[in-house]
Amino acid sequence: MQAMGKRTVRRNKVVWQDAVIAILFGTIIVAGILCVARTIWSGYHFLDDHELIRMEQSFSQGMSLHDLLRAWIKNDMNQRFRPLYWIERVTGSYLMGSNLMLWNIWTAVKGILAFALLYLSARYVKAGRTVSLIFPMVIMLGTQFTPWYRSANQESTGLLLCAAILCLIAAQYAHGRYTSPVYNIPIVILVILSGFAKESFTLFMPVFPMLKLWLEYWDGCDETWLGTRRKGRLLRLVKENLAVYLCILAAFLINIYMILFRVGVDRISYAGFHQDTGLNQYLHGISDSLFVNMKWNTVIAGQLIFMILLCYQLVEKYNIWRYVSLCIILFCTMGIQLVAHAKSEMWGRYLFPYIIAYALLFVLLGNYIFRKDRFRNSIYQAVLLVLLILTVPGAVREARDYAKDGEWIREYFQCILDNAGETDRIVGAFGDEELDLATECWLEVHDRSQAYSNVNGEWKNTVQLTDALTGECSWEDVKVVTCYSYAQVYVLSLMDGVTENDFDFYTFGNYMVMVKK
């Protein structure tokens, strides 16, 4: 970030027009993509939307908000640490039920606010308006756009909190009010809340006090600092805001304790750290994250670093340690996120909060280094725009694919309703219990309660909203079987005494409905 420049420069002064620009562009970009892709009206999806149906059913059965919050958080603590997600999810279900259009609108609003706050953060640290617009676009647009078209995620809330924290820290710097409780109290509260959003955001918590301290330490740095020693300055600044730093440190350590010793880091098969996973697999995951999933970000970062090294003479001697110290903070932050996602790899929404540090480094700091050379600065910004040209189409394409998937799912369920009565047995054979569960939950609230799950030949009773299923199930007494469209032959091979000629087949994109004749 730019703890740089004199505050008397009027062209970079934050005025009311900046708030208008922030909201306007946030709405045009975020809501525009969602409306063009039609994700707001895309309806029910298999991943996590069934949670809303289950929560709504619990409320209709008389369960209190407090009890349901406690139940979902406690259950999730067996494998994850993300209590804020469930607080938002359950409370939102209490207010909006399972109305997915309202949920999608709320998610879009979070995206617009996050965009606006990130823009204002850049403006408060003296970035120009063009760079201030590029900053949130680099963070939010690309394959990581997922949180704003998929309502069930932790990253949309996590980024909103991070954006609010950055804006407060930047505004505090702009006004020189480093010890003001008006800023410090909300900063502490929001940092603590961000750590509750998801494990990766817990790992990001230390970045905020370091950025705050970095801005304060280097505030006023100019040529008069050259050759002088600022002995005791860092310690004095820490003491001035000791309560702030201790509160954040305590919250961070508590979260780390919960993740390591209460929840564990090996509960999710596709993520975390496992004894039976070799070092090479983790290194391969990091490599894939950088050079496959984030290839354009990595390529552009390499080009920007080359430009900075090529133009090293633009860096004033008194600014060298200022820049180096921020680079150390942000490169370490990105490295920690890469290691934390080494098994799952970083793709889509998992780029958060890594991408925040990336943008702070390559958008704000890099732009400031070239601030005095208009021509080179223009080239630097042009390279950043190339990054957006390479990544933004992917965001639009994936949002459209998500909306199309919602259309297929709508047709898939209508086919089941048309071909199965209230007493007919239905089997989900996706090989994925969550998809079977999502199918069962939707069917049960539409008066089709006899839904079973068969995972690779093993019969399972899915979680019922009302009465549990009783009795044995076999392929002979099944009316409808659902599966992935590419798995038709495999699913048929699971059915003893049943042949392909016994079914009619209906395909909806990735999904198939098999109806017994």
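Here the structure is a predicted model, which means the values were calculated and not measured. (Residues numbered from 1 in each chain as written. Predicted model: local features only at pLDDT ≥ 70, side-chain atom pairs only at ≥ 80, totals over all residues. Heavy atoms only, no water.)

Describe the confidence of the model for the protein, listing the residues and the values that go with them.
Per-residue confidence for the protein averages 91 on the pLDDT scale, and 95% of its residues sit at or above 70. For the stretch residues 1-11, pLDDT sits under 50, and the model shows 37 contacts to residues farther than four places along the chain or on other chains. (pLDDT = per-residue confidence, 0-100. Contact = heavy atoms within 4.5 Å.)

Could you give an account of the packing of helix H5 (residues 100-124) against helix H7 (residues 155-175), with specific residues and numbers?
Direction vectors running N to C along H5 and H7 enclose 25°, while the axes themselves pass 8 Å from each other. In terms of orientation, H5 lies roughly parallel with respect to H7. By crossing handedness, the relation of H5 to H7 is classed as left-handed. For the contact of H5 with H7, the residue count by class is 16 nonpolar, five polar and one charged. (Axes fitted to C-alpha atoms, helices over the stretch in contact; angles between N-to-C directions. Helix = DSSP H or I, 4+ residues; strand = E, 2+ residues; numbered from the N terminus. Parallel < 35°, antiparallel > 145°, perpendicular 65-115°, else oblique. Left-handed = near helix turned anticlockwise from the far one by under 90°. Nonpolar A, V, L, I, M, F, W, Y, C, P; charged D, E, K, R; others polar.)

Tell me about the nonpolar core, and please be specific about residues and values.
Within the largest apolar cluster, 118 residues are counted, with the highest numbers of intra-cluster contacts made by Ile139 and Tyr358. Ignoring sequence-local partners within four residues, the contact set of Ile139 consists of Leu118, Gln144, Leu159, Phe352, Ile355, Ile356 and Ala359. Leu417, Leu437, Leu443 and Phe503 belong to the second-largest nonpolar core, a separate cluster that totals 43 residues. (Core = buried A, V, L, I, M, F, W, Y, C linked by side-chain atoms within 4.5 Å. Buried < 20%, exposed > 50% of the residue type's maximum accessible area, 1.4 Å probe, protein only.)

I'd like a rundown of the state of the cysteines, residues and numbers included.
For the structure on display, the rule yields zero disulfides. Free of any disulfide, Cys311 has its nearest cysteine sulfur in Cys327, 15 Å distant. By relative accessible area, Cys311 is classed as buried at 9%. (Disulfide = S-S within 2.5 Å.)

Outline the pattern of salt bridges, listing residues and values.
Considering all chains together, one arrives at 16 salt bridges under this definition. Across the pair Arg267 and Asp266 runs a salt bridge, and its minimum N-O distance is 3.9 Å. On the basis of relative accessibility, which here comes to 43%, the residue Arg267 falls in the partly exposed class. Using a relative accessible area of 44% as the deciding quantity, one classes Asp266 as partly exposed. One network of salt bridges, with partners in common, ties together Asp18, Arg123 and Arg129. (Salt bridge = Lys/Arg side-chain N within 4 Å of Asp/Glu carboxyl O.)

An account of the packing of helix H14 (residues 295-310) against helix H17 (residues 374-419) is needed here, citing residue identities and associated values.
Packing of H14 against H17 brings their axes to within 10 Å, and their N-to-C directions diverge by 175°. Here H14 lies roughly antiparallel to H17, going by the angle between them. Here H14 contributes Trp296, Asn297, Ile300, Gln303, Leu304, Met307 and Ile308 to the contact with H17, which in turn contributes Arg376, Ile379, Tyr380, Val383, Leu384, Val386, Leu387, Leu390 and Thr391. Residues of the contact of H14 with H17, tallied by class, amount to 12 nonpolar, three polar and one charged.

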